[in-house]
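# Chain and residue survey
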Amino acid sequence: MQYLNFILNPKNDFLGQTGEYLKICGVSIAVAIVIGVVLGALVSRNAFLAFLAVNLSGLMRAIPIIAVLIAFVPFFGIGFEPTIIALIVLGIPPILLNTYTGIRGVDPAIIDAAKGMGMTTWQVATRIQAPLVTPLVAAGIRTSAVQIIATATLAAFIGAGGYGDYIVDGLTVFNYTELIVGAISVAILAILVEVFMSWLQRVLTPEGLKVQEQAATAKA
């Protein structure tokens, strides 16, 4: 009951903090998707660029996000902008790597056959490669989105607001009600996004690939 009272108390501005958190996560995820997919598609055409992109993506994932947040503060100040940039940096690697892997994983014989039937490069990309790559890209977006949602709480340390404020304030003043409300809210949002993206990934998977996966599972 105390948690519900905390949420309903206008002084705690739960709706405002929820809106701020959704804004931070939504913008970060959207930009990360655009950059990750575009870069993944571009580097898949060049072995050297692919090598650089894959290794830089691994390096980016190894850097603690709190270090990235703090590093951007001198250039962008505190608040929304450095938070968004840091979360985009966090979100790009899974999407980029899955896009690259998906495109490179398309059987060249399929592409040659499509071209032999008279398809243009654009038609091959949209009708052949895109349906085959989309499920893997969706898996990368799923990973990226959950990571961003789970990590955005750290934005409270540089004044970006959101559920992170409840967690930081709760720890500071030993207000466990505030702390738990913040933590559970983040957990619920992450679970909802995970479930939605899992469903979307299944929907976007072509029926032929589903049959192959079922056959492989049956053999295993």
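Residues numbered from 1 in each chain as written. Predicted model: local features only at pLDDT ≥ 70, side-chain atom pairs only at ≥ 80, totals over all residues. Heavy atoms only, no water.

Further remarks concern the overall build of the protein chain. From N to C terminus, the protein chain includes 10 helices and zero strands. Burial status across the protein chain gives 38% buried among its 220 residues. Sequence separation of at least 24 residues holds for 77% of the intrachain contacts in the protein chain that already meet a minimum separation of 6. With the model as given, the accessible surface of the protein chain reaches about 12,300 Å², and the carbon-plus-sulfur share is 70%. (Helix = DSSP H or I, 4+ residues; strand = E, 2+ residues; numbered from the N terminus. Buried < 20%, exposed > 50% of the residue type's maximum accessible area, 1.4 Å probe, protein only. Contact = heavy atoms within 4.5 Å. Areas by Shrake-Rupley, 256 points an atom, 1.4 Å probe, with all protein chains shown as cover.)

In low-pLDDT regions, the fine details of the predicted coordinates are not to be read closely. Residues of the protein chain with pLDDT of at least 70 account for 93%, and the chain-wide mean is 81. Counting contacts from residues 211-220, a segment whose pLDDT is below 50, to residues more than four positions away or on other chains yields one contact. (pLDDT = per-residue confidence, 0-100.)

It is worth spelling out helix H4 (residues 65-76) at this point. Spacing of three or four residues puts side chains on the same side of an α-helix, whose turn is 3.6 residues. The end-to-end C-alpha distance of H4, which contains 12 residues, comes to 16 Å, matching closely the 16 Å that a straight helix rising 1.5 Å per residue would cover. Three or more residues of H4 are buried, namely Ile65, Val68 and Leu69. The arc that holds every buried residue of H4, seen down its axis, measures 100°, which confines them to one face. Pointing more than 90 degrees away from the buried face of H4 are the exposed residues Ile70 and Pro74. In the segment just after H4, Gly77 is the residue with positive phi, at about 75°. (Expected span 1.5 Å × (residues − 1). Arc of directions from axis to C-beta.)

Let us now look at unusual backbone geometry. Of note, Asp13 is a non-glycine position whose phi angle comes to about 45°, a positive value. Considering the arrangement of structural elements, one finds Asp13 in the loop between helix H1 (2-8) and helix H2 (14-43). Residue Asp13 is classed as partly exposed on the basis of its relative accessible area of 43%. Non-glycine residue Phe174 carries a positive phi angle of around 60°. Taking the relative accessible area as the measure of exposure, Phe174 reaches 60% and is therefore exposed.

What follows is about the environment of Ile111. Here Ile111 lies in helix H6 (residues 108-116). The exposure class assigned to Ile111 is buried, which follows from its relative accessible area of 16%. Along the backbone, Ile111 and Ile128 are 17 residues apart, and their C-alpha atoms lie at a distance of 7.5 Å. In this structure Ile111 touches Val106, Val124 and Gln129, once residues within four positions along its chain are discounted.

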